[in-house]
Amino acid sequence: MNNWEILQLAKGFRGRAKNCIRISRERVEKALQYAYRDRRNKKRDMRGLWIQRINAGTRQHGVNYGQFMHGLNTENVQLNRKVLSELAMHEPYSFKTLVDVSRAAFQHQHVHLKK
């Protein structure tokens with residue numbers, strides 16, 4: 001990167017980081033490192049948020065997250081966590097049917113284990 005590009009990326013920085021090329025080069029490099037790292041952390045954080053929302057929705061129906069996901073996997077329901085969290089928030093009746101499907105699979109499996 002040439003000096004002009006670095007100063008363009010440093011716009012909005014405080015103090016001499018926006019004017020002096022040596023300082024702005026260091027600050028821009030560090031900012032790009034943070035951006036690279038946080039693009040990956042954002043995916044991690046979103047997955048955690050989706051799991052929290054699914055867990056909150058399933059506990060309203062008396063099932064915890066692990067049982068719910070295990071039941072869905074047993075029934076071969078191919079919905080990802082993002083879609084499940086959206087259903088839990090915006091479509092409670094549809095989500096309840098998924099909880100019922102998962103619960104039926106989970107209880108059916110326990111009946112076979114007890115015999």
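First, a word on what this report is: a plain description of the structure on this page. (Residues numbered from 1 in each chain as written. Predicted model: local features only at pLDDT ≥ 70, side-chain atom pairs only at ≥ 80, totals over all residues. Heavy atoms only, no water.)

1. Some words on a positive patch on the surface
On the surface, Arg39, Arg40, Lys42 and Lys43 cluster together into a patch of positive charge. Mapped onto the fold, Lys42 is located in helix α2 (residues 21-59). (Patch = residues over 30% accessible without salt bridge, like charges linked within 9 Å, V, L, I, M, F, W, Y side chains within 5 Å. Areas by Shrake-Rupley, 256 points an atom, 1.4 Å probe, with all protein chains shown as cover. Salt bridge = Lys/Arg side-chain N within 4 Å of Asp/Glu carboxyl O. Lys, Arg positive; Asp, Glu negative; His and termini not counted. Charge placed at Lys NZ, Arg CZ, Asp CG, Glu CD. Helix = DSSP H or I, 4+ residues; strand = E, 2+ residues; numbered from the N terminus.)

2. Comments concerning a nonpolar patch on the surface
A grouping of Met1, Leu9 and Leu32 is seen on the molecular surface, where their side chains present a nonpolar patch of about 310 Å² in accessible area. When you line up the elements, Met1 lands in the segment before α1 (3-9). On the basis of relative accessibility, which here comes to 63%, the residue Met1 falls in the exposed class. (Buried < 20%, exposed > 50% of the residue type's maximum accessible area, 1.4 Å probe, protein only.)

3. A few points about the packing of aromatic side chains
Inspection of the entire model under this criterion finds one aromatic pair. For the pair Phe68 and Phe95, a centre-to-centre distance of 5.3 Å together with 45° between the ring planes defines the contact as tilted. Within this pair, whereas Phe68 is found in helix α3 (residues 65-74), its partner Phe95 is found in helix α5 (residues 92-114), the two being separated by 27 residues in sequence. The aromatic ring of Tyr36 is capped on one face by Arg40, whose charged end is 3.9 Å from the ring centroid. (Phe/Tyr/Trp six-rings, centres within 6.5 Å; stacked < 30°, edge-to-face > 60°. Lys NZ or Arg CZ within 6 Å of the ring centre and 35° of its normal.)

4. With respect to the nonpolar core
Ile54, Val63, Tyr65, Phe68, Met69, Leu72, Leu84, Leu87, Phe95, Leu98 and Val99 form the largest nonpolar core, which has 11 residues in total. At the level of elements, α3, α4 (81-90) and α5 are the ones that each hand at least two residues to this core. (Core = buried A, V, L, I, M, F, W, Y, C linked by side-chain atoms within 4.5 Å.)

5. Topic: the environment of Ser102
Tracing the backbone through its elements, the reader meets Ser102 in helix α5. Sequence separation between Ser102 and Ala56 is 46 residues, and the spatial gap between their C-alpha atoms is 15 Å. Other than its neighbours up to four places away in sequence, Ser102 contacts Gln67, Phe68, Gly71 and Leu72. (Contact = heavy atoms within 4.5 Å.)

6. Description of the environment of Lys82
Within the element layout of this structure, Lys82 appears in helix α4. Look at Lys82 and you get partly exposed, because its relative accessible area is 45%. Taking the C-alpha atoms as reference, Lys82 lies 14 Å from Lys42; in sequence the two are 40 residues apart.

By themselves, these are just geometric observations and shouldn't be taken as functional.
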